[in-house]
Amino acid sequence: MSAILVIAEQRRGELRPQSLELITAAQALRKAGDEVVVAVIAPDPGRFVTPLRLAGVDEIIEVAVGTAEFDPDTFEAAVGALIAERRPSVVLVAHSVDSFGYAAALAATLALGFATDVFAVQQVEGALVATRGGYGQKVSVEVDFPGRSTVLLALRGNVFKPPEAPGAPRITSFTPPAAASRSRARAFIEPPAGDDADMTGAEFILTIGRGIGEEANVAQFRELADAVGATLGCSRPIADAGWLPKSRQVGQSGKTATACKLYIAMGVSGAIQHLAGMKHVNTIVAVNSDANASIFGVATYGIVGDIFEIANELKHEFGGAA
Amino acid sequence: MKIMVAVKQVAALDEDFEIRGDGRDVDPDFLIRDLNEWDDFSLEEAVRIKEAAATPIEVVAVSIGPDEVDESLRKCLAKGADRAVRIWDDAVTGSDPIAIARILAAVARRESPDLLFAGVQSSDQSHAATGIAAAAFLGWPHAAVVNHLSWTAGARTAVFRRELEGGLLQEVEIDAPAALTIQLGINTPRYASLRSIKQAAAKPIEVLSLHDVGLGEADVGEAGSSSRVRRMYVPPKGQAQLIEGDAAAQARRLAAIIREFKGDPA
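Please read these numbers as outputs of a predicted model, since none were measured by experiment.

**Looking at the overall build of chain A**
Moving on, step 1. Secondary structure summary: chain A contains 8 helices and 17 strands in total.
Moving on, step 2. With the C-alpha coordinates of chain A rotated into their principal frame, the extents come out at 70 × 45 × 35 Å.
Moving on, step 3. Burial statistics for chain A: of 322 residues in total, 56% are counted as buried.
Moving on, step 4. Total accessible area on chain A is roughly 12,000 Å²; 51% of this is exposed by carbon and sulfur atoms.
Moving on, step 5. Charge separation in chain A, taken as the distance between the mean sites of 27 positive and 35 negative side-chain charges, equals 5 Å.

Right, dumping it as structure tokens:
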């Protein structure tokens with residue numbers, strides 16, 4: 001019997017939704033007698049306990065720390081001490097910006113088995129096997145962890161469905177060793193408002209990606225979006241280049257297209273960070289000249305072809321001059 | 001003053017590719033190599049700090065890999081790195097990000113930079129782990145996904161912004177020396193001029209062995225790694241229903257999908 005340790009994340013007093021997905025993944029790794037233990041690391045961990053009282057959770061550990069927001073040194077000290085005390089077989093964290101800042105450091109210093117951006121987990125003949133993507137998500141890679149008694153996995157978001165049924169876990173507390181923080185969070189800065197685009201509320205989004213080639217071509221797709229009645233969005237490279245404001249970026253580090261029902265992606269190859277923001281969309285149409293583009297893996301409909309030609313023809317369909 | 005920039009030569013897949021005979025990687029004949037996109041930004045950030053500084057700063061590009069990696073290091077030299085260092089030993093084959101980070105940390109001990117930059121992740125394997133693991137081996141403060149940085153040469157602290165989910169930013173101060181992983185968009189990387197490309201071709205690349213940086217074979221490869229690739233395979237194709245025909249026919253079908261969504265009669 002051993003523990004599967006789940007590290008819940010919070011930011012500005014709110015539990016990060018991915019924390020719940022980890023609990024579901026933990027069930028797939030549970031061997032007979034294993035316990036799923038969720039640790040909440042915060043100055044006031046008690047406030048996050050209620051939403052974590054879920055089926056499949058055996059214990060919630062309140063880990064009170066001195067820093068209000070994520071800090072690598074604090075997290076490494078706390079999670080490291082929890083691993084030393086509980087000796088879990090598996091530690092699950094979200095593959096998130098916070099875990100980018102500390103998970104690899106823990107794996108390095110504690111000689112843990114380690115894999116990130118994992119989207120499937122299984123026990124194969126008693127050995128943990130994790131699956132992740134390789135070569136720009138064009139292949140799947142199964143990794144194992146020979147000789148490691150504790151394996152730390154950072155799991156991709158929006159893959160495991162959060163549990164809904166309530167549970168009645170034990171609530172305990174753990175006092176981590178004091179950590180000397182060598183970095184100090186000063187303030188959050190809200191993203192700039194940009195133009196008046198409301199990506200979060202838009203039901204029909206037409207997104208352009210690197211495939212549009214150059215800034216001068218943006219206008220053509222803006223006209224197309226207007227003609228078909230879509231909100232114009234973009235992938236990261238377009239926003240980084242300043243061709244469209246950051247507020248129009250869709251994906252993990254941009255806006256989540258929460259209300260979107262129809263999504264047309266033109267010239268977007270489909271980096272995982274982009275795809276993460278659109279899994280919930282009913283209908284995704286991908287238009288790309290590369291038949292191997294990873295976006296075709298999540299799209300409902302695929303059009304392999306020249307995005308400029310398709311754009312012209314489509315505009316014509318909606319009354320514009322082709 | 002010195003900034004060390006860890007760079008990776010990444011591999012993209014050719015349109016048609018084959019999995020290697022042992023089923024654990026892609027046949028290298030089908031790989032197209034280039035400098036990791038993120039590293040272009042971290043190198044540029046280092047060069048900009050150097051150019052803005054009142055005191056001399058040396059920018060050292062460091063990469064782990066065989067001869068062919070020199071091409072990516074020359075790109076770094078052409079874009080403003082002062083020196084390039086490459087470490088290789090056949091034993092490094094099969095290393096995961098943790099083993100690679102151990103080598104980078106060993107080079108950093110030799111170089112003693114004030115800052116260590118790495119890309120947030122690589123475009124091929126996307127681990128998002130190497131830079132932070134290297135910091136841990138060095139015992140240095142670290143931060144990931146930096147998209148804005150202020151550091152005055154020699155200052156004991158740097159101030160940066162982390163790019164969080166949903167576009168939220170966080171301003172953080174960190175003690176130097178520190179390791180930072182750099183996000184796309186932190187700057188606009190320059191193009192190398194023809195002149196600088198020519199000059200870079202004539203510059204030496206320092207090639208070091210594991211032994212030179214104080215490591216042995218057991219520190220790298222599968223023995224020094226935290227994971228091992230069991231199997232690599234092409235996942236079953238997604239469910240995308242392909243819309244066939246010429247552009248006009250494809251657009252007509254797409255228009256029908258749009259009209260159906262909007263509840264418009266055709």
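After presenting the structure, the write-up continues.
**Comments concerning the overall build of chain B**
Moving on, step 1. Within chain B, the secondary structure is distributed over 6 helices and 13 strands.
Moving on, step 2. Projecting the C-alpha coordinates of chain B onto the three principal axes gives extents of approximately 70 × 45 × 40 Å.
Moving on, step 3. Going through the 266 residues of chain B one by one, you find that 55% of them count as buried.
Moving on, step 4. Long-range contacts, defined here as pairs at least 24 residues apart, represent 70% of the contacts in chain B between residues at least 6 apart.
Moving on, step 5. Split by element, the accessible area of chain B, about 11,500 Å² in all, is 49% carbon and sulfur.
Moving on, step 6. If you average the places of the 30 positive and of the 41 negative side-chain charges in chain B, the two averages end up 3 Å apart.

**Quick word on the sheet that holds strand S6 (residues 90–94) of chain A**
Moving on, step 1. The 10 strands are arranged S11(A)-S5(A)-S4(A)-S1(A)-S6(A)-S10(A)-S7(A)-S8(A)-S9(A)-S12(B) in an open sheet whose pairing can be described as mixed. Edge strands, defined here as strands with exactly one partner in the open sheet, are strand S11 (170–174) of chain A together with strand S12 (228–233) of chain B. For this sheet, the mean inter-axis angle between neighbouring strands, taken without regard to orientation, is 35°.
Moving on, step 2. Sheet topology places strand S7 (residues 113–124) of chain A next to strand S10 (residues 151–155) of chain A; 4 bridges connect them, and they run parallel. Note that in S10 of chain A the partner of Gly113 of chain A across the bridge is Val151 of chain A.

**So, the packing of helix H2 (residues 70–78) of chain B against helix H5 (residues 194–202) of chain B**
Between two packed helices, what matters for the description is the angle formed by their axes and the separation of those axes.
All names here are of chain B.
Moving on, step 1. The contact between H2 and H5 brings their axes to 8 Å, and the two run at 125°. Taken together, the axes of H2 and H5 are oblique relative to one another. In the packing of H2 onto H5, the handedness of the crossing is right-handed. Facing Arg74, Leu77 and Ala78 of H2, the residues of H5 in contact are Ser196, Ile197, Ala200 and Ala201.
Moving on, step 2. Broken down by class, the residue content of the contact of H2 with H5 amounts to 5 nonpolar, 1 polar and 1 charged.

**Quick notes on the interface of chain B and chain A**
Moving on, step 1. At the interface, 81 residues of chain B touch 87 residues of chain A.
Moving on, step 2. Applying the counting criterion to the chain B and chain A interface returns 14 salt bridges.
Moving on, step 3. Taking the shortest distance from any N to any O, the salt bridge between Glu173 of chain B and Arg186 of chain A comes out at 3.5 Å.
Moving on, step 4. Where chain B packs against chain A, one counts 38 residue pairs in polar contact (both at pLDDT 80 or more).
Moving on, step 5. Broken down by secondary-structure element, the contributors of at least two residues to the side of chain B that touches chain A are strand S2 (9–13), helix H4 (130–138), strand S7 (142–150), strand S8 (157–163), strand S9 (169–175), S12, strand S13 (241–242) and helix H6 (247–262) of chain B.
Moving on, step 6. The dominant element in the side of chain B that touches chain A, judged by the number of residues it contributes, is H6 of chain B, at 13 residues.
Moving on, step 7. Considered class by class, the residues forming the side of chain B that touches chain A number 42 nonpolar, 20 polar and 19 charged.
Moving on, step 8. Pairing of strand S17 (residues 301–304) of chain A with S13 of chain B involves 2 bridges; the strand directions are parallel. In the sheet register, Tyr301 of chain A faces S13 of chain B, and the bridge partner there is Gln241 of chain B.

**Some details on the side chain of Glu76 of chain A**
Moving on, step 1. Within the element layout of this structure, Glu76 of chain A appears in helix H2 (residues 72–86).
Moving on, step 2. The buried charged residue Glu76 of chain A lacks any salt bridge, with Arg182 of chain A as its nearest oppositely charged partner at 5.2 Å.

**So, the packing of helix H8 (residues 307–317) of chain A against H6 of chain B**
Moving on, step 1. At a minimum axis separation of 8 Å, H8 of chain A and H6 of chain B run at an interaxial angle of 55°. With respect to each other, H8 of chain A and H6 of chain B are oriented oblique. Once H8 of chain A is placed against H6 of chain B, the crossing between them reads as right-handed. The residues of H6 of chain B that touch H8 of chain A, namely those facing Glu309, Ile310, Glu313, Leu314 and Glu317 of chain A, are Ala247, Ala248, Gln250, Ala251, Arg252, Leu254, Ala255, Ile258 and Arg259 of chain B.
Moving on, step 2. Partitioned by chemical class, the residues of the contact of H8 of chain A with H6 of chain B number 8 nonpolar, 1 polar and 5 charged.

**Here's the deal with the pattern of salt bridges**
Moving on, step 1. Scanning the model with the defined rule gives 47 salt bridges over all chains in all.
Moving on, step 2. A salt bridge links Glu142 of chain A to Arg231 of chain B, with the shortest nitrogen-to-oxygen separation between them at 3.1 Å. Of the two residues, Glu142 of chain A sits in strand S9 (residues 139–144) while Arg231 of chain B sits in strand S12, which places them in two different chains.
Moving on, step 3. Overall, the relative accessible area of 37% leaves Arg231 of chain B in the partly exposed class.
Moving on, step 4. The salt bridge partner of Glu171 of chain B is Arg186 of chain A, with a shortest N-O separation of 3.4 Å. Residue Glu171 of chain B is located in strand S9, and its partner Arg186 of chain A is located in strand S12 (residues 183–189); the two belong to separate chains.
Moving on, step 5. Through salt bridges with shared partners, one network takes in Glu9, Arg11, Arg16 and Asp98 of chain A together with Arg162 and Glu165 of chain B.

**Quick word on the environment of Ser289 of chain A**
Residues and elements named next belong to chain A.
Moving on, step 1. When you line up the elements, Ser289 lands in the loop between strand S16 (283–288) and S17.
Moving on, step 2. Residue classification places Ser289 among the exposed positions, given a relative accessible area of 61%.
Moving on, step 3. Sequence separation between Ser289 and Ile307 is 18 residues, and the spatial gap between their C-alpha atoms is 7.2 Å.
Moving on, step 4. Setting aside its immediate chain neighbours within four residues, Ser289 contacts Val304 and Gly305.

Procedures and definitions
- Residues numbered from 1 in each chain as written.
- Chains lettered and ligands numbered in written order.
- Predicted model: local features only at pLDDT ≥ 70, side-chain atom pairs only at ≥ 80, totals over all residues.
- Heavy atoms only, no water.
- Helix = DSSP H or I, 4+ residues; strand = E, 2+ residues; numbered from the N terminus.
- Buried < 20%, exposed > 50% of the residue type's maximum accessible area, 1.4 Å probe, protein only.
- Areas by Shrake-Rupley, 256 points an atom, 1.4 Å probe, with all protein chains shown as cover.
- Lys, Arg positive; Asp, Glu negative; His and termini not counted.
- Charge placed at Lys NZ, Arg CZ, Asp CG, Glu CD.
- Contact = heavy atoms within 4.5 Å.
- Pairing = 2+ DSSP bridges.
- Axes fitted to C-alpha atoms, helices over the stretch in contact; angles between N-to-C directions.
- Parallel < 35°, antiparallel > 145°, perpendicular 65-115°, else oblique.
- Left-handed = near helix turned anticlockwise from the far one by under 90°.
- Nonpolar A, V, L, I, M, F, W, Y, C, P; charged D, E, K, R; others polar.
- Salt bridge = Lys/Arg side-chain N within 4 Å of Asp/Glu carboxyl O.
- Polar contact = N/O pair within 3.5 Å; in protein donor to acceptor, adjacent residues only side chain to side chain.

That is the geometry; function is a separate question.
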